[in-house]
Amino acid sequence: MSRKNADKITIYDPQKDFAGMRKAGRLAAEVLDYITDYVEAGVSTEYLDNLCNDYIISHGGKSACINYHGYPKYTCISANHVICHGIPSASQKLSDGDIINIDVTVIVDGWFGDTSRMYYVGKPKIKASRLCDVTYECMMRGIEVVKPGAHFGDIGAVIEEYAHKYGYSVVDMFCGHGVGKVFHDNPNVMHCGKKGTGPVMEEGMIFTIEPMINIGRKDGLILSNGWTAVTRDKSLSAQFEHSLGVTKDGAEVFTFSPQGLHRPPYKK
């Protein structure tokens, strides 16, 4: 059974409900493991999108993205200066040196598993690989502060502090979100902020942490398709995302890679 706390954040039962999230989260992570070998120069983002969906369906799940508020594809694939919500296309072919984010949300038995990773197409430039490394570390530092009694502002504070050490900016036009039995729920999980601010975490809360970090300015704009966000200054952007639940003494991440493929370059 779930309930709402005073801030209207859903509180799930860790003993019963986390099992559903483990199953959904594992499938989402398996999709990203599976697609790794197919990310190479010359393939289209639509090809990758269809492969992901085939895997999801054949393993007992379904895509949460397709037809969500009219979204037309099964995943989001965002390359280079695209911040998020890149729409896969047959005409978009990957090129050597690209960095891309593949964002997958699956539904398994009514539970939503939401995760994304960065991938290298061939060998990226040093500035691109460093951005990916720092973005991954931003996410992990945000996860490390999660525990009962912590504030949601603590997540954004540590992410922003680490990103700024490298001269990067943190996108504030998008955020993490509650997840579980619904795709997007309270709370909004900002990736910038002040320690000790925001709602207090409680055991049983489930949400995503998914920082978007830019080499240049934080400002973005939405393209005419109504979905895709890009950096205004065309600088590179990177993102990683995990779904996690608050435990009695910390956090349980539901979307860790079963194959240990946490960040690029990936070696199986």
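To start, this report covers the structure provided alongside it. Keep in mind the model is a prediction, meaning the values are calculated, not measured.

Here is what the cut-offs are and how they apply
- Residues numbered from 1 in each chain as written.
- Predicted model: local features only at pLDDT ≥ 70, side-chain atom pairs only at ≥ 80, totals over all residues.
- Heavy atoms only, no water.
- Phe/Tyr/Trp six-rings, centres within 6.5 Å; stacked < 30°, edge-to-face > 60°.
- Helix = DSSP H or I, 4+ residues; strand = E, 2+ residues; numbered from the N terminus.
- Buried < 20%, exposed > 50% of the residue type's maximum accessible area, 1.4 Å probe, protein only.
- Core = buried A, V, L, I, M, F, W, Y, C linked by side-chain atoms within 4.5 Å.
- Contact = heavy atoms within 4.5 Å.
- Pairing = 2+ DSSP bridges.
- Axes fitted to C-alpha atoms, helices over the stretch in contact; angles between N-to-C directions.
- 1 Å grid on protein atoms, 1.4 Å probe; cavity = no way out; pocket = protein on both sides within 12 Å on 5 of 7 lines; lining within 4 Å.
- Points joined across faces, edges and corners; volume = space filled by probe spheres on them.

Focus: the packing of aromatic side chains
Right, so step 1: All chains considered together, the criterion is met by 12 aromatic pairs.
Right, so step 2: A ring pair is formed by Phe112 and Phe183, whose centres lie 5.8 Å apart and whose planes are at 20°; its orientation type is stacked. Taken together, the positions of Phe112 in strand E7 (residues 111–120) and Phe183 in the loop between strand E9 (176–178) and strand E10 (185–189) put the pair 71 residues apart, joining distant regions of the chain.
Right, so step 3: We classify Phe112 as buried; its relative accessible area is 11%.
Right, so step 4: Between Tyr166 and Tyr168 the ring centres are 6.2 Å apart and the planes differ by 25°, which places this aromatic pair in the stacked class.
Right, so step 5: Residue class for Tyr168 comes out buried when judged on its relative accessible area of 5%.
Right, so step 6: Connected via pairs of aromatic rings, a cluster forms that spans Tyr34, Tyr38 and Tyr55.

Quick notes on the nonpolar core
Right, so step 1: The biggest cluster of nonpolar side chains holds 76 residues, and the ones touching the most others in it are Leu48, Ile100, Ile102, Ile155, Phe207 and Ile209.
Right, so step 2: Per element, the largest residue contribution to this core is nine residues, and it comes from helix H3 (residues 126–144).
Right, so step 3: Apart from the residues within four sequence positions on either side, Ile209 is in contact with Met139, Gly142, Ile143, Val146, Ile155, Ile159, Val189, His191, Phe240, Glu241, His242 and Leu244.

Regarding the pairing of strand E16 (residues 242–246)
Right, so step 1: Burial analysis of E16 places five of its five residues in the buried class, which makes it a mostly covered element.
Right, so step 2: In terms of strand pairing, strand E11 (residues 206–209) meets E16 through four bridges, oriented antiparallel. Residue pairing in the sheet places Ile206 in a bridge with Gly245 of E16.
Right, so step 3: Where E16 meets strand E17 (residues 251–253), three bridges bridge the pair, whose relative direction is antiparallel. If you follow Leu244 over to E17, its bridge partner there is Val253.
Right, so step 4: Remark: four residues form the turn of the hairpin made by E16 and E17, two consecutive strands paired antiparallel.

Considering the environment of Phe112
Right, so step 1: C-alpha of Phe112 to C-alpha of Ala79: the two residues are 33 residues apart in sequence and 24 Å apart in space.
Right, so step 2: The residues touching Phe112, leaving out its near neighbours within four places in the chain, are Met21, Ala24, Ala64, Thr105, Val106, Ile107, Val179, Gly180, Lys181, Val182 and Phe183.

A look at the sheet that holds strand E8 (residues 169–170)
Right, so step 1: If you trace the three strands from one edge of the open sheet to the other, you get E8-E12-E15, paired in antiparallel fashion. Looking at which strands have only one partner, the edges of the open sheet turn out to be E8 and strand E15 (237–239).
Right, so step 2: Taken together, the two bridges between E8 and strand E12 (residues 212–214) define a ladder with antiparallel strand orientation. Considered in E12, the bridge of Val170 is made with Ile213.
Right, so step 3: Strands E12 and E15 of the sheet are contacted by H3, whose axis makes an angle of about 40° with E15.

What to know about the layout of surface pockets
Right, so step 1: As a volume, the largest pocket reaches approximately 340 Å³.
Right, so step 2: Taken together, 21 residues form the lining of the largest pocket, with His85, Asp103, Phe183, His184 and Glu210 sitting closest to its centre.
Right, so step 3: Listed by contribution, the elements that provide at least two residues to the lining of the largest pocket are strand E4 (76–79) and strand E6 (99–108).
Right, so step 4: No other element matches E6, which puts three residues into the lining of the largest pocket.

Details of the sheet that holds strand E5 (residues 82–84)
Right, so step 1: The sheet built from three strands is open, its strands ordered E5-E14-E13 with antiparallel pairing. On the outer flanks of this sheet lie E5 and strand E13 (220–222), each paired with one strand and no other. Across this sheet, the average inter-strand angle for adjacent strands is 35°, counted without regard to direction.
Right, so step 2: Note: E13 against strand E14 (residues 229–231), three bridges, orientation antiparallel. Note on E14: the bridge partner recorded for Ile222 is Ala229.

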